[in-house]
Amino acid sequence: MSAVPSLTGRQAGQDIQPDKALRRDMPLVPASSIAGRALVIVIAIMTFLACLTAGGAILVAGASQDWRGEVSREVTIQIKPAPGQDIDAAVAKAVETARKAPGVGDVRALSRQESEQLLEPWLGNGLDLTELPIPRLIVVRMQDLKTPDIAALREALAAQAPGANLDDHRLWLSRLDTMADAIVIFASLLFLLMISAMTMAVGFATRGAMAGNREIIEVLHFVGAADSYISRQFQTHFLRLGLRGGLLGGALAALFFAGASALSAWWTNSVGGEEIGALFGAFSLGGKGYAAILCVAIAIAFLTGAMSRIIVFRHLRRLQ
Amino acid sequence: MGVEIVRDLSFSIKPQSFQFLTGPSGAGKTTLLRLMLLSLKPTRGIVKIFGQDASTLDKDSITSLRRRIGVVFQDFRLLDHLTTYENVALPLRVMGRVEANYRAEVVELLRWVGLGERMNALPAVLSGGEKQRAAIARALIARPELLLADEPTGNVDPGLARRLLRLFVELHKSGTAVVIATHDLALMDQFGEARRLVVGDGRLQIFDGESP
Ligand SMILES: Nc1ncnc2c1ncn2[C@@H]1O[C@H](COP(=O)(O)OP(=O)(O)OP(=O)(O)O)[C@@H](O)[C@H]1O
Ligand SMILES: [Mg+2]
């Protein structure tokens, strides 16, 4: 392979000092030929929204896990005072019955004083409650079983401690559960929708870039470039655009959650703060949540690169 | 379906041969070159390239065949955003070769075609003749087995045309088959022993070159 030196009558590499300033690695597909900034903005917005829904779903799913663990193992027995009945004896009887029931762990009756404290936030503390017929509560923690045997406890109480009312929070719990599940499913759907919208935007941009660079593609083919080589040239650009957009959107989402967490911490003591805290677990996403955001951002960048590569490759296959 | 530009013609380009392809403007010279480059498919008839029927080739084999062919387009087809150096180095670059390995080769060829001072210039600021030389250098850089050149001396002065022709003849002597499309009679007369393929009215006449 030395046709050129023989043509030019010189040995290759001899007395040749290539200009140090030689420009030699310009991308074959010019960056300016791609609607780059618009695509970065679209990707950033889509990533931001996708991270928001993913983060929201993570918060709700995490919070609902917490309720499940906390609440499902705890039941309350309520004893309503009845005229002519010794309420302390009734409480003692119910406690004794509950202790004997299968699967029951810890049983603790709230004292009259504790029960009054529970009512204080609603009734104020200036009130003398001794005269009021306040129901008494017994908190029962079930043993750490997969499915606590609440039914057995209920039967035992009905047989031996009439007047004791068992509340296993089931209804309340299942409603919250359903809601949390619905929110997670809804968020996943939104997430999918946003990813597909973004994919389509990338598709449009790629096709636009290919149309704008038709001449370049043709020349590359003529000088012997393989389809895979050409699609790699496009992929490089789109991966870079995807990284820029994805990281920008992800950073905004992380900032959003950090801000919301700070805001909710400041808020918790005010009215309504506790309900929001119960639903979202104080808005703190935790390390895992932020890691998920980073993953989403990076996955979107690679999705962008891979998408454009596939589109270019398929398009090139169809050329002649 | 439009009219047939060329029909009922048959010719072959032998390895290491040299021929001019000539005929009036619009006769179909560029069309024939494009058929040989596999950038056009014949509506009927067979194109065989390096012994293979072009219609049976898949994309990968077309790619590897194109690497054995150098082309100079009538309209140059330099990439506007690349410098002269980058344009000429393109065939080596798309093969995946490392830039440091071919830099000296490219620089040397550029100096030889008189573009040593224009290596960092973009095509937009090159003169017609400079673009033509860059296009020729790009076609030669990978040392093809077949060179297809469409009007390669259309934009240069007679002196430079002679030098370029000498370059093509040297290339031919070192083993490349050369096809030069031109209607420059003076140029053809400078290399009288070359075969001449003359297109006209859709037909092809072949004149074997006079023996030197
Ligand atoms: N893609 C095409 N579709 C239809 N007709 C075409 C196409 N390309 C070229 N032609 C026609 O085919 C004829 C031959 O064109 P061609 O470019 O091969 O001529 P040429 O011999 O190279 O001429 P010139 O010397 O001017 O370069 C012309 O009439 C041209 O208009
Ligand atoms: Mg022509």
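Quick caveat, the model's predicted, so the values are computed rather than measured.

### Points about the overall build of chain B
Helix and strand counts for chain B stand at seven helices and eight strands. Computed over C-alpha atoms, the radius of gyration of chain B comes to 17 Å, within 12% of the 17 Å expected from 2.2 N^0.38 for 212 residues, which places it in the range of a compact globule. Structurally, chain B occupies a C-alpha span of about 45 × 40 × 35 Å along its principal axes. Burial status across chain B gives 55% buried among its 212 residues. For chain B, restricting intrachain contacts to residue pairs at least 6 apart in sequence, the fraction spanning at least 24 positions comes to 68%.

### Observations concerning helix α4 (residues 112–123) of chain A
For α4(A), built from 12 residues, the straight-helix expectation of 16 Å at 1.5 Å per residue is met to within 8% by its first-to-last C-alpha distance of 15 Å. Taken from the residues just after α4(A), A:Gly124 is the one with a positive phi, measuring 85 degrees.

### Focus on the pattern of salt bridges
Note on pairing: side chains with opposite charge can pair once their charged atoms come close. The tally for this structure, following the rule as stated, stands at 16 salt bridges over all chains. A:Glu114 is paired through a salt bridge with A:Arg108; the nearest N and O atoms lie 3.3 Å apart. Where B:Asp8 meets B:Arg203, a salt bridge forms, and the shortest distance between an N and an O atom there is 4.0 Å. Here the residue B:Asp8 occupies a position in the segment before β1 (18–22), and B:Arg203 occupies one in strand β8 (residues 203–207), the gap between them amounting to 195 residues. For B:Arg203, a relative accessible area of 42% puts it in the partly exposed group. Salt bridges here are not isolated pairs; linked through shared partners, they connect A:Glu218, B:Asp75 and B:Arg77.

### Concerning the coordination of the magnesium ion (ligand 2)
The protein atoms donating to the magnesium ion (ligand 2) are B:Thr30 (OG1) and B:Gln74 (OE1), with metal-donor distances spanning 1.8 to 2.3 Å. Within this pair, whereas B:Thr30 is found in helix α1 (residues 29–36), its partner B:Gln74 is found in the loop between β4 (69–72) and α3 (84–94), the two being separated by 44 residues in sequence.

### Notes on the site of ligand 1
Residues and elements named next belong to chain B. Ile5, Pro24, Ser25, Gly26, Ala27, Gly28, Lys29, Thr30, Thr31, Gln74 and His183 make up every residue found near ligand 1. A distance of 2.5 Å is found between an oxygen atom of ligand 1 and a side-chain nitrogen or oxygen belonging to Ser25. Within the contact set of ligand 1, an oxygen atom lies 2.7 Å away from a side-chain nitrogen or oxygen of Lys29. Contact with the protein chains hides 54% of the accessible area of ligand 1, taken as 640 Å² for the molecule alone. Its residues placed into classes, the shell around ligand 1 shows three nonpolar, seven polar and one charged.

### Considering the pairing of strand β6 (residues 177–181) of chain B
Residues and elements named next belong to chain B. Most of β6 is tucked away: five of the five residues are buried. Here β1 pairs with β6 via four bridges, running parallel. In the sheet register, Leu21 faces β6, and the bridge partner there is Ala181. With five bridges joining them, strand β5 (residues 146–150) and β6 adopt parallel strand pairing. The residue of β6 that forms the bridge with Leu147 is Val178. Of the crossover connections in this fold, the one passing from β5 over helix α6 (residues 158–173) to the parallel β6 is right-handed.

### Remarks on the confidence of the model for chain A
Residues and elements named next belong to chain A. Residues at a pLDDT of 70 or more form 84% of chain A, whose mean pLDDT is 80. Element-level pLDDT for chain A is lowest in helix α1 (residues 3–8), with a mean of 46, against a maximum mean of 93 in helix α7 (residues 214–222). A low-confidence stretch, residues 1–6 stays under pLDDT 50, and its non-local contacts, those more than four residues away or across chains, total 13 contacts. Here residues 9–16 scores under 50 on pLDDT; set against residues more than four positions off or in separate chains, the count is 14 contacts.

### Some remarks on the nonpolar core
Residues and elements named next belong to chain B. Within the largest apolar cluster, 44 residues are counted, with the highest numbers of intra-cluster contacts made by Phe18, Phe20, Tyr85, Val106, Leu165, Phe168 and Ile180. Breaking this core down by element, the ones donating at least two residues are β1, α3, α4 (99–112), α5 (128–140), β5, α6, β6 and α7 (185–189). For this core, the leading source of residues is α6, giving eight residues. Residues contacting Phe20, with those up to four places away along its chain left out, are Leu165, Ile180, Thr182, Leu187, Met188, Phe191, Ala194, Arg195, Arg196 and Leu197.

### Concerning the packing of α5(B) against α6(B)
Residue and element names in this part refer to chain B. The N-to-C vectors of α5 and α6 enclose an angle of 5 degrees; their axes lie 12 Å apart at closest approach. As the angle between them shows, α5 and α6 are arranged roughly parallel. Facing α5, whose interface residues are Arg133, Ile136 and Leu140, α6 presents Leu160, Leu164, Leu167, Phe168 and Leu171. Of the residues that constitute the contact of α5 with α6, the class distribution is seven nonpolar, no polar and one charged.

### Thoughts on α1(B)
All names here are of chain B. Of all eight residues in α1, six are buried, a share of seventy percent or more. Of all the positions in α1, only Lys29, Thr31, Leu32, Leu33, Leu35 and Met36 are classed as buried. Following α1 by one or two positions, Leu38 adopts a phi angle in the positive range, close to 65 degrees.

What counts and how
Residues numbered from 1 in each chain as written. Chains lettered and ligands numbered in written order. Predicted model: local features only at pLDDT ≥ 70, side-chain atom pairs only at ≥ 80, totals over all residues. Heavy atoms only, no water. Helix = DSSP H or I, 4+ residues; strand = E, 2+ residues; numbered from the N terminus. Rg over C-alpha atoms; globule rule 2.2 N^0.38 Å. Buried < 20%, exposed > 50% of the residue type's maximum accessible area, 1.4 Å probe, protein only. Contact = heavy atoms within 4.5 Å. Expected span 1.5 Å × (residues − 1). Salt bridge = Lys/Arg side-chain N within 4 Å of Asp/Glu carboxyl O. Donors = N, O, S within 2.8 Å, 3.2 Å for Na, K, Ca; no water. Near = heavy atom within 4 Å. Polar contact = N/O pair within 3.5 Å; in protein donor to acceptor, adjacent residues only side chain to side chain. Areas by Shrake-Rupley, 256 points an atom, 1.4 Å probe, with all protein chains shown as cover. Nonpolar A, V, L, I, M, F, W, Y, C, P; charged D, E, K, R; others polar. Pairing = 2+ DSSP bridges. Right-handed = clockwise from strand over helix to strand, strands pointing away. pLDDT = per-residue confidence, 0-100. Core = buried A, V, L, I, M, F, W, Y, C linked by side-chain atoms within 4.5 Å. Axes fitted to C-alpha atoms, helices over the stretch in contact; angles between N-to-C directions. Parallel < 35°, antiparallel > 145°, perpendicular 65-115°, else oblique.

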